[in-house]
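Chain and residue survey
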Amino acid sequence: RGLQADAVDFDTGEITTPTPQAARATRWALKSVVNRLLPGSRTSKCMVLRAPIPGYGLADIDLCKGHTHGKAFYQGLMACGGVWTCPVCAAKVSERRRQELKEAIRAADALKMNVHFVTLTVPHGVSDDIKVMNDCLSQALKRLSNGKYSVKNQLRAIAPESEIHGYIRAFEVTHGHNGFHPHYHILVFTDRGVTASAVGYVYRNAWIRACQLSGLPQPSLEHGVTVQDGLFAAQYASKWGLEDEMTKANAKTTKRKGLSPWGLLRAVLDEDEPDYPPQRASALFQVYAAAFAGRRQLYWSNGLRKLLSMAPERSDEELVKAPEDERASLLATLTPEQWKAIRRRRQEAHLLTVAESAPSLLTTVIDAACQPTRRRSERSSEDDDAGGGWRFTNSPIG
């Protein structure tokens, strides 16, 4: 898939240092799978249709290159901001969220705080309904923060001088032999004197009680709550959002932990996962998409951003619509017909790579993509939405 030879371990087949271009190509390929699995959704229209401009009509499709990092990007296309279902938008949002997490940890260190990395899980089985589990988990989380038995109150009970200043919570999910495995990772900000064992003690008591009262199975005493120190918190913040399956050529490296949602898409795309044949992986991704729609992936507790002197939070939609680079050059403006041709050839990612490495060849690449085959066939539903056109050698995915 266009990978550099030194990025592959030929003994294991694993991509060890994927290039940014290869990772981007993978994201666009995974996005094409989502377009098929979730027709009619916002994600299926994302990076496909032109964005509307009030009082003007539809935006032009501009191909730009930033001056700061030298990255190419499209401007004028609709962006869904879907962190759960859109590999393209999720990458952009995750990168900006990751920078915020790293900034938060640096600010906490300057304020002489401790940051603890807490993981919360519950037992689960292959027959569990993930949507029901998510609803119960939401109820359990509320019990952690409110009332007499909240985490803060329990810490004060054993150490009156100690304080939890806030937290950042990430909601994640994988799928394995025991079905969907939703879980939380939490960065907990405390006074310098609060130890990991104290945080583990209060979270363990509060989590067990919260799950029992919310209709969830009792968490394991050993694995239901784990707490690691600031080093792990910093490592998590620096890697947050970088799913293995978005950047690696195979999903086998994460089989023991289960596949992420992007791993399910890779199983559909590559058709090489014995435990996840395309039909099963497709169905699981559709179930996942319905269960996580509208849920927050990353949550900051009230007042924490202000305490750390950080800018007000922006929504996922605001982040994904923010300029890729404040200083950029316009390299080309694509006509709707050219864009349809590029999508049918599955050249969206390749065109960005050309714009970055050999912009003088853009015209040649675009013209080549727009050469129709001799025969004409029926339009796909996506092409009907976009105005129709010719079918090229590579049939459209979306």
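It should be noted that the structure appears before, not after, this text.
Notes on the structure in this doc start here. (Residues numbered from 1 in each chain as written. Predicted model: local features only at pLDDT ≥ 70, side-chain atom pairs only at ≥ 80, totals over all residues. Heavy atoms only, no water.)

1. Quick look at the overall build of the protein
- Helix and strand counts for the protein come out as 16 helices and 12 strands.
- Looking at the protein as a whole, 48% of its 398 residues qualify as buried.
- Considering only residue pairs separated by 6 or more positions, the protein has 70% of its internal contacts joining residues 24 or more positions apart.
- When the accessible surface of the protein is summed, it comes to about 19,600 Å², and 51% of that surface belongs to carbon and sulfur atoms. (Helix = DSSP H or I, 4+ residues; strand = E, 2+ residues; numbered from the N terminus. Buried < 20%, exposed > 50% of the residue type's maximum accessible area, 1.4 Å probe, protein only. Contact = heavy atoms within 4.5 Å. Areas by Shrake-Rupley, 256 points an atom, 1.4 Å probe, with all protein chains shown as cover.)

2. Brief notes about the nonpolar core
- Within the largest apolar cluster, 82 residues are counted, with the highest numbers of intra-cluster contacts made by Y74, L120, L144, Y203, W207 and L351.
- Setting aside anything within four residues of it in sequence, one finds W207 in contact with L120, T121, V122, L137, A140, L141, L144, Y184, P219, G224 and V225.
- Counting 21 residues, the second-largest nonpolar core is a separate cluster that includes L187, F189, W240 and W300. (Core = buried A, V, L, I, M, F, W, Y, C linked by side-chain atoms within 4.5 Å.)

3. Quick look at the pattern of salt bridges
- Enumeration according to the criterion identifies 14 salt bridges in this entry.
- Where salt bridges share partners, they join R97, E100, R296, R305, E313 and D316 into one cluster. (Salt bridge = Lys/Arg side-chain N within 4 Å of Asp/Glu carboxyl O.)

4. Topic: the packing of aromatic side chains
- For the structure shown, the criterion picks out 11 aromatic pairs.
- On the basis of an interplanar angle of 35° and a centroid distance of 4.8 Å, the ring pair of F117 and Y236 is categorised as tilted. Taken together, the residues span a long stretch of sequence, with F117 in strand β7 (residues 113-120) and Y236 in helix α7 (residues 230-239) at a distance of 119 residues. Exposure class is identical for F117 and Y236. Each is buried. (Phe/Tyr/Trp six-rings, centres within 6.5 Å; stacked < 30°, edge-to-face > 60°.)

5. Describing the side chain of E348
- Take E348: it is sitting in helix α14 (residues 348-357).
- No salt bridge is formed by the buried E348. Its closest oppositely charged neighbour is R343, at 5.6 Å.
- If we ignore the near neighbours within four places in the chain, the residues touching E348 are W28, Y74, W339, I342 and R343. (Lys, Arg positive; Asp, Glu negative; His and termini not counted.)

6. A look at α14
- Taking burial as the measure, the 10 residues of α14 include 7 buried ones, the bulk of the element.
- Elements that come into contact with the buried residues of α14 comprise α1 (20-37), β5 (61-66), β6 (72-75), β12 (328-334), α13 (336-344) and α15 (362-369).

7. Comments concerning the sheet that holds β12
- With respect to topology, 3 strands assemble into an open sheet ordered β6-β5-β12, the strand pairing being antiparallel. One side of each edge strand has no neighbouring strand; the edge strands of this open sheet are β6 and β12. Between one strand and the next, the sheet's axes are offset by a mean angle of 30°, whatever the strand orientation.
- Inspection of the sheet shows β5 paired to β12 by 6 bridges, in the antiparallel sense. When the sheet's bridge partners are listed, L63 is paired in β12 with A332. (Pairing = 2+ DSSP bridges. Axes fitted to C-alpha atoms, helices over the stretch in contact; angles between N-to-C directions.)

8. A closer look at the packing of α1 against helix α9 (residues 261-270)
- Contact pair α1 / α9: the axes reach a minimum separation of 9 Å and the direction vectors enclose 85°. Classed by the angle they form, the pair α1 and α9 counts as roughly perpendicular. Contacts between α1 and α9 involve T26, A29, L30, V33, V34, R36 and L37 on the former and, on the latter, W262, L265, R266, V268 and L269.
- Across the contact of α1 with α9, the residue classes break down as 9 nonpolar, 1 polar and 2 charged. (Parallel < 35°, antiparallel > 145°, perpendicular 65-115°, else oblique. Nonpolar A, V, L, I, M, F, W, Y, C, P; charged D, E, K, R; others polar.)

9. Side note on the layout of surface pockets
- As a volume, the largest pocket reaches approximately 1,400 Å³.
- For the lining of the largest pocket, the secondary structure elements donating two or more residues are α1, β6, α3 (87-110), α8 (244-247), α12 (316-321) and α14.
- Looking at the lining of the largest pocket, the element that brings in the most residues is α3, giving 8 residues. (1 Å grid on protein atoms, 1.4 Å probe; cavity = no way out; pocket = protein on both sides within 12 Å on 5 of 7 lines; lining within 4 Å. Points joined across faces, edges and corners; volume = space filled by probe spheres on them.)

10. A word on the environment of G193
- Tracing the chain through its elements places G193 in the loop between β9 (179-191) and α6 (196-213).
- For G193, a relative accessible area of 64% translates into the label exposed.
- In sequence terms G193 and S162 are 31 residues apart; their C-alpha atoms lie 7.3 Å from each other.

11. Overview of the sheet that holds strand β10 (residues 225-228)
- Pairing is antiparallel in the open sheet, where 5 strands are placed in the order β10-β7-β9-β8-β11. Strands with a single pairing partner mark the edges of an open sheet, and in this sheet they are β10 and β11 (298-300). Pairs of neighbouring strands in the sheet enclose a mean axial angle of 20°, with direction left out of account.
- The sheet strands contacting helix α4 (residues 130-145) are β7, β8 (164-176) and β9, and the helix crosses β9 at an angle near 15°.

12. Digging into the environment of M113
- Relative to the elements of secondary structure, M113 occurs in strand β7.
- Sequence-wise, M113 and V194 are 81 residues apart; in three dimensions their C-alpha atoms are separated by 9.0 Å.
- Each residue touching M113, except ones within four places of it in the same chain, is listed here: A108, H165, F189, T190, R192, L307 and L308.

13. Topic: the environment of P359
- As for its placement among the helices and strands, P359 is situated in the loop between α14 and α15.
- Residues P359 and A72 lie 287 residues apart in sequence; the distance between their C-alpha atoms is 10.0 Å.
- Residues in contact with P359, not counting those within four places in the same chain, are L331 and V354.

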